Amino acid sequence: MTRMAATRDGYGQALLELAENKRVVVLEADLGKSTKSLHFRKEHPERTISCGIGEQNMLLVAAGMASSGYIPFASTFAIFTERAFEQMRNGVARPNLAVHLCGSHGGTHTGTDGSSAQSIEDLAIYRTLPNVTVLHPCDDVSTRLLTKQLAKSDKPSYMRTARNKTPVLYDDVDEHTIQIGKGIELRKGNDVAIIACGVLVSEALKAADELGKKGIQATVIDMHTIKPLDTDLIDRVAARCGTIVTAEDHSVIGGLGGAVAEHLSASSGTPLERVGVKDRFGESGQANEMLELMELSSPHIVKAAQRAIQRK
Amino acid sequence: MSVSVTDLEELARRCRIEIVKMVYRAQAGHPGGSLSEIDLMAALYSASLRTRPDEPDWDDRDRFILSKGHASPGMYALLAEMGFIQHEDLHSYRVLGGICQGHVDMKWCPGVDFSAGSLGMGLSFGMGCALAARLDGSKRRAFVMLGDGEIQEGSIWEAAMAAAHHELGNLKVILDRNRIQNDDFCQQQMRMFDIPAKWKAFGWNVKEIDGHNMEEIIEGIQFLDDSNEGPSILIAHTVKGKGVSYMEDNPSFHGAAPNDEQYALAMKELGAIE
């Protein structure tokens, strides 16, 4: 039986494990219970800064602490990080201060809170900022490992985590295979490559199973790092498979699909089909209902793969 | 305090000359707010701020955050006077590759602790510096210079509330109350009513002074030095463009350079030429 877990729990666990480094501090904007920084707060209240419901202030308090030698991890909902975008741009990215911003509850998978809480543009906007690493891991294990790697980075970052549980893929993995900037090839096939991130990685694996029944062998990649993009891996699978599908719980504009399209258009010109939110807002619904409504679930990835193969 | 009023006034006068020169050479920039803030900054750097000009990144220095980062000529002039940068560097103001960027930038200029340019950000950053100092068990402090128009930014009040909540006695603000912002007088753009009462209501220690009277400024800085129970703000009533007759209290010189004739008059009024 596959273990199910939410990536935000991996974030909370990583903060606890990072606490032995006394330079690590945690900043909250009244959503620590949701983003899972609360575990750190309970154990280390003296290194946890409550910023109230004030995201703009939180980002720059973190910047000030980073400039004084601390390693700040600030979190709130993905959607609310966006109101502090200019603080992230001018106060964090521009001076290249290693503030680590985590946006939880990203994507339409967030569910019944509805469209106001479903960030579908966060990966796109943070990807435009120089110096900023952008991550969107798919399970709690990789979230934990990548968060711990961030503490050693000298650059700012944005990481999206998800509210709801998805299948855990990396319980038995060698930890060294999960590295910032390195996509992970989960399935190897020669007919089509599916490059996915976050909650859609497990959907991509299901799609590969379905494709296999139809005699189509699909490669599946967990592209947990959106920036810097693992273009070497993309080039390899583009050459081998000749056609590509991207899958993300994010707008088709500017996220993983956008990043891959930018790369392919400037290199091999390999055909690309993008599975993502089609330039629209979400609504209230269960996580699985949202993936269906937004045409993000595995049957839609299967169809996209078939279209991609026809375009070879 | 060991510095004399006369010396501080002379330091500020020399800075004013450099401010006008920088803006004149660049034919761009912000003279008004530089001239209003400079008496305060000259006194702060001379009488209170613990820094090492030959070691600008000294970990335990007091931080100075010019949140109204457009008023950079004032800061550059003072950094040159204090020995953080050379007077020749002032010629790089707004020049490609120059350390004196249009708005003060910590990645470009020694002695600059914050990359400003977007209003409303410096107070939050200063709060982070103050929290870090407290966690370190250090006596270093964070000073933040705010403009009065700047406090129309909502995030200033997020920071004001948070700094009082966290009882940051090592966070000190100077408000340059020059009553003019980019487009017009503050009174026209956005009335701010009782500014001292607002800060008091947010839990801050508050003192008001005449920001061009050096004796009052010294008293005001002493107030900041002595107030260690919660954050403190010195509200300094100033005149935008102070020291240059046609710039004084004139919204046109928030962000405009003098022409040749105006430049010559400014140099004469500031005693740069006979």
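Predicted model, so just to flag it, every value in this text is computed and none were measured.

About the thresholds
Throughout, residues of each chain are indexed from 1 in the direction in which the sequence is written. Numbering of ligands from 1 and lettering of chains from A proceed in the order in which they are written. Restriction of local features to residues with pLDDT of at least 70 applies here, the model being predicted, together with a cutoff of 80 or more for giving and counting side-chain atom pairs; totals for whole chains, interfaces and linings are based on all residues. The side-chain numbers reported here are obtained from all heavy atoms of the structure, hydrogens and water having been left aside. What counts as a helix is a DSSP run of H or I of at least four residues, what counts as a strand is a run of E of at least two, and both are numbered from the N terminus. For each residue, the accessible area found with a 1.4 Å probe, counting protein chains only, is set against the maximum for its type, and the residue is called buried under 20%, exposed over 50%, and partly exposed in between. Computed with a 1.4 Å probe, the accessible areas rest on the Shrake-Rupley method; for each residue, only the protein chains presented here act as cover. Lys and Arg are tallied as positive, Asp and Glu as negative. Neither His nor the chain termini are counted. Here the site of a charge means atom NZ of a Lys, CZ of an Arg, CG of an Asp or CD of a Glu. Contacts between residues were defined by any pair of non-hydrogen atoms, one from each residue, lying within 4.5 Å. Two parts placed together each lose some accessible area; with a 1.4 Å probe, that loss summed over both constitutes the buried area. Salt bridges are counted wherever a side-chain nitrogen of Lys or Arg sits within 4 Å of a carboxyl oxygen of Asp or Glu. Axis angles are defined between N-to-C directions and span 0 to 180 degrees, where every axis is a line fitted to C-alpha atoms and, for a helix, only to the segment in contact. Oblique is the label for any angle not under 35 degrees, not over 145, and not in the 65 to 115 range, which are roughly parallel, roughly antiparallel and roughly perpendicular in turn. Classification convention: Asp, Glu, Lys, Arg as charged; Ala, Val, Leu, Ile, Met, Phe, Trp, Tyr, Cys, Pro as nonpolar; all other residues, Gly among them, as polar. Here a cavity means grid points, on a 1 Å grid over the protein atoms only, where a 1.4 Å probe fits yet cannot get out; a pocket means an open set of points with protein on both sides within 12 Å along at least five of seven lines; lining residues are those with an atom within 4 Å of a point. Grid points are joined across faces, edges and corners, and a volume is the space filled by probe spheres set on the points. At least two DSSP bridges between two strands are required for those strands to pair. Aromatic contacts are taken between Phe, Tyr and Trp rings whose centres are within 6.5 Å, Trp giving its six-membered ring; a plane angle under 30 degrees counts as stacked, one over 60 as edge-to-face, and the others as tilted.

*Asks:* Just to check I follow, could you spell out the overall build of chain A for this structure?
*Replies:* Within chain A, the regular secondary structure consists of 13 helices and 14 strands. Projecting the C-alpha coordinates of chain A onto the three principal axes gives extents of approximately 60 × 40 × 35 Å. Looking at the 312 residues of chain A, the share that counts as buried comes to 64%. Put simply, chain A shows about 11500 Å² of open surface, and 48% of that area lies on carbon and sulfur atoms. Taking the average location of the 36 positive side-chain charges in chain A and that of its 38 negative ones, the two points are 1 Å from each other.

*Asks:* Help me understand the interface of chain A and chain B, please; the structure alone is not making it clear to me.
*Replies:* How big an interface is tends to be stated in terms of the accessible area lost upon association of its parts. Residue-level contacts link 26 residues of chain A with 23 residues of chain B. Summed over both partners, the interface of chain A with chain B buries about 2000 Å², with 60% contributed by carbon and sulfur atoms. When the buried surface of chain A facing chain B is broken down by residue, A:N57, A:L60 and A:R94 rank first, second and third, together holding 26% of it. In this assembly, chain A and chain B are joined by two salt bridges.

*Asks:* Got a minute to help me understand helix α8 (residues 140-150) of chain A in this structure?
*Replies:* Owing to its 3.6 residues per turn, the α-helix brings residues three or four apart onto one side. Residue and element names in this part refer to chain A. A large share of α8 lies buried, amounting to 10 of its 11 residues. Those residues of α8 that fall on the buried side of the exposure criterion are D140, V141, S142, T143, R144, L145, L146, T147, Q149 and L150. The secondary structure elements touched by the buried residues of α8 are β1 (4-5), α1 (7-18), β4 (71-77), β5 (100-104), β6 (133-135) and β7 (157-160).

*Asks:* Could you clarify how one ought to interpret the packing of helix α1 (residues 5-26) of chain B against helix α8 (residues 214-226) of chain B in this entry?
*Replies:* Geometrically, a packed helix pair is captured by the angle between its two axes and the distance between the axes. Residues and elements named next belong to chain B. Across the interface, α1 lies against α8 with an axial gap of 10 Å and an inter-helix angle of 100 degrees. Classified by the angle their axes make, α1 and α8 are roughly perpendicular. In this structure, α1 uses V5, L8 and E9 to contact α8, whose residues at the interface are M214, E215 and I218. The residue makeup of the contact of α1 with α8, split by class, is four nonpolar, no polar and two charged.

*Asks:* Just to check I follow, could you spell out the layout of surface pockets for this structure?
*Replies:* Rolled over the atoms, a probe with the dimensions of a water molecule shows which regions are left empty. Estimated volume of the largest pocket: approximately 310 Å³. The wall of the largest pocket is formed by 21 residues, among which A:S67, B:D57, B:R61, B:R63 and B:M106 lie closest to the centre. Of the residues that constitute the lining of the largest pocket, the class distribution is nine nonpolar, four polar and eight charged. Considering only enclosed or pocket space, the second largest pocket measures out at about 240 Å³ in volume. For the second largest pocket, the lining is made up of 18 residues, of which B:L119, B:G149, B:E150, B:Q181 and B:N182 are closest to its centre.

*Asks:* Please clarify how the sheet that holds strand β5 (residues 232-237) of chain B should be interpreted in this entry.
*Replies:* Backbone hydrogen bonds are what pair the strands of a sheet, in a parallel or an antiparallel way. All names here are of chain B. Here five strands make up an open sheet; going across it, the order is β1-β2-β3-β5-β4 and the pairing parallel. Because the sheet does not close on itself, it has two edges, and the strands there are β1 (63-66) and β4 (205-210). The average undirected angle you get between the axes of adjacent strands in this sheet is 20 degrees. Contacting β2 (142-147), β3 (171-177), β4 and β5, α8 runs over the sheet at an angle of about 170 degrees to β4.

*Asks:* What is the right way to look at the pattern of salt bridges in this model?
*Replies:* As a working rule, side chains carrying opposite charge can pair if their charged atoms are close by. Summed over all chains, the structure comprises 35 salt bridges over all chains. Between B:D113 and B:R61 there is a salt bridge, with the nearest N and O atoms lying 2.9 Å from each other. Of this pair, B:D113 sits in the loop between α3 (72-82) and α4 (122-136) while B:R61 sits in the loop between α2 (31-47) and β1; the two residues are 52 residues apart in sequence, bridging distant segments of the chain. Pair check on accessibility: B:D113 and B:R61 agree, each one buried. What you see here is one network of salt bridges that share partners, running through A:E17, A:R144, A:K148 and A:E175.

*Asks:* What is the right way to look at the packing of aromatic side chains in this model?
*Replies:* Any two aromatic rings considered together are summarised by their centre-to-centre distance and by the angle between their planes. Residues and elements named next belong to chain A. Counted according to the given criterion, the structure contains 12 aromatic pairs over all chains. Here Y126 and Y158 contribute two aromatic rings whose centre-to-centre distance is 4.2 Å and whose plane-to-plane angle is 20 degrees, an arrangement assigned as stacked. Here Y158 lies in strand β7 and Y126 lies in helix α7 (residues 122-127), a separation of 32 residues in the sequence. Residue classification places Y158 among the buried positions, given a relative accessible area of 0%.

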